[in-house]
Amino acid sequence: MSAASPGNPEQIVVVGGGLAGLRTVEELRAQGYPGAVTLIGAESRPPYDRPPLSKQLMIGAVDDTSLRDELESLGALVLLGERAERLGDGVLSTDRGEYPFDRLVIATGARPVSLPGPGSQRFLRTLDDALALRERLVPGVRLAIVGAGWIGAELATAAASRGCQVSVVEAGPTPLAAALGTEIGGLTAVWYAQAGVELLLNQAVESVEDGGLALAGGGWLAADEIVTAVGVRPEVGWLESSGIKLENGVATDGMLRSSISGVYAIGDCAAFWSGRYQRRMRPEHWDVALRAPMVLAANLIGGAERYDPVPYFWSEQFGRMLQYLGDHRGADRLVWRGPAGGDRWAACWLADGRLVALLTVGLPRDQAQGRRLIEAASPVDASRLADLTVPLRETAPA
């Protein structure tokens, strides 16, 4: 395949068939790029949405989360079931061929972390993973989930609603300890008990065995099905010989450019430089894959835009909607908004008197107002912030 064709000399190749890759191609066309585009995906399925896999799909509300019915309307060459293997000088090599490019977008996502041991362990990363697991979630089945993070909590919610006997094993002292800290994570522990889910905290797993988990300290947890949900790692092993800078994924600048000219990266495999937070960030959130392609597409066709969002994430677990904005690393104060642990409350992180991050439970209206406060870096009055009767937009000091 040649990178050039008569009257159409440029070739943009996007490697990664998830939301980030698809949205990049869509944005290129939406912004008027007329040139040749190739989209290469490792999975044989067309691009699909991942958040519903642990939510609506797992409870049987939907069977398919495909993002676009007609890929032909993209005006791109779409190659599925083809895995990237090497990045050379202006050439992408896959397990099926070589693709010269003028500009390359790396959007290969992330892969789940596995646990040691000879036993069978499932993951919840792909649509095929989700469909296969859903078939096994029948009443009475003993399901062991390793990891009480976002995915673990959402899967436990779905499995319990299907009548499974669910146990969640967590090495940390509370659920969501790594993401939100133990003080907030501890407030969610009671949700597991209320849903009839067994929660084992401060319990590491030694190995996955046939029929259950061998726990550190000599314990044993019998299980018919085991799902490992202890995080993901950027899918960048195929780039190790390329010379591209890797730093918790492909290191990019604020314009999503990698260390190699003409090569960009986006989504779960990319660690972008944030001017707002003065560090590289790799949020692993759906919002990044949805919105960053608008900036990337503009830059692919000659723009100089910067991607520097206020991170956003949401989770539905145990009948509650959690929404998180910002980044609380570096915060020097935590202010509770409303009765912590109730039906409607928020955790507000401040740094130098300014709101830098916000977690809400059952307070969707606070999200839009909180985003504006974080973006503006405006000072807030902590006492007014703590009062649920005061709208967030009205929490500036008197």
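Described in the following lines is the structure provided in the data block.

Tracing the backbone through its elements, the reader meets Thr 126 in the loop between strand 8 (110-112) and helix 2 (127-136). Judged by its relative accessible area of 18%, Thr 126 is buried. For Thr 126, the contacting residues outside a window of four places in its chain are Glu 43, Tyr 48, Arg 50 and Leu 53.

A few words on helix 6 (residues 286-300). The end-to-end C-alpha distance of helix 6, which contains 15 residues, comes to 21 Å, matching closely the 21 Å that a straight helix rising 1.5 Å per residue would cover. Where helix 6 bends most, at Ala 292, the angle is about 35°, and the proline Pro 293 comes one to four residues later. Burial runs high along helix 6: 11 of the 15 residues are buried. Next to the buried residues of helix 6 lie strand 1 (11-15), helix 1 (19-30), strand 7 (103-106), strand 18 (263-265) and strand 21 (312-317). A positive phi of about 110° marks Gly 302, the residue just after helix 6.

Note on sheets: strands pair through backbone hydrogen bonds, and any given pair is parallel or antiparallel. Spatially, 17-19-20 is the arrangement adopted by the three strands of the open sheet, whose pairing is mixed. Strands with a single pairing partner mark the edges of an open sheet, and in this sheet they are strand 17 (250-252) and strand 20 (279-281). The sheet shows a mean angle of 30° between the axes of neighbouring strands, taken without regard to direction. In terms of strand pairing, strand 19 (residues 270-274) meets strand 20 through three bridges, oriented antiparallel.

Right, let's talk about unusual backbone geometry for a bit. The backbone of Leu 176 shows a phi angle near 55°, a positive value even though the residue is not glycine. Note on placement: Leu 176 falls in the loop between strand 10 (165-169) and helix 4 (177-180). A positive phi angle, near 55°, is found at Asn 248, a position not held by glycine. Tracing the backbone shows Asn 248 in the loop between strand 16 (232-234) and strand 17.

Thresholds, definitions, all that
Residues numbered from 1 in each chain as written. Predicted model: local features only at pLDDT ≥ 70, side-chain atom pairs only at ≥ 80, totals over all residues. Heavy atoms only, no water. Helix = DSSP H or I, 4+ residues; strand = E, 2+ residues; numbered from the N terminus. Buried < 20%, exposed > 50% of the residue type's maximum accessible area, 1.4 Å probe, protein only. Contact = heavy atoms within 4.5 Å. Expected span 1.5 Å × (residues − 1). Bend = angle between axes of the 7 residues up to and from the residue. Pairing = 2+ DSSP bridges. Axes fitted to C-alpha atoms, helices over the stretch in contact; angles between N-to-C directions.

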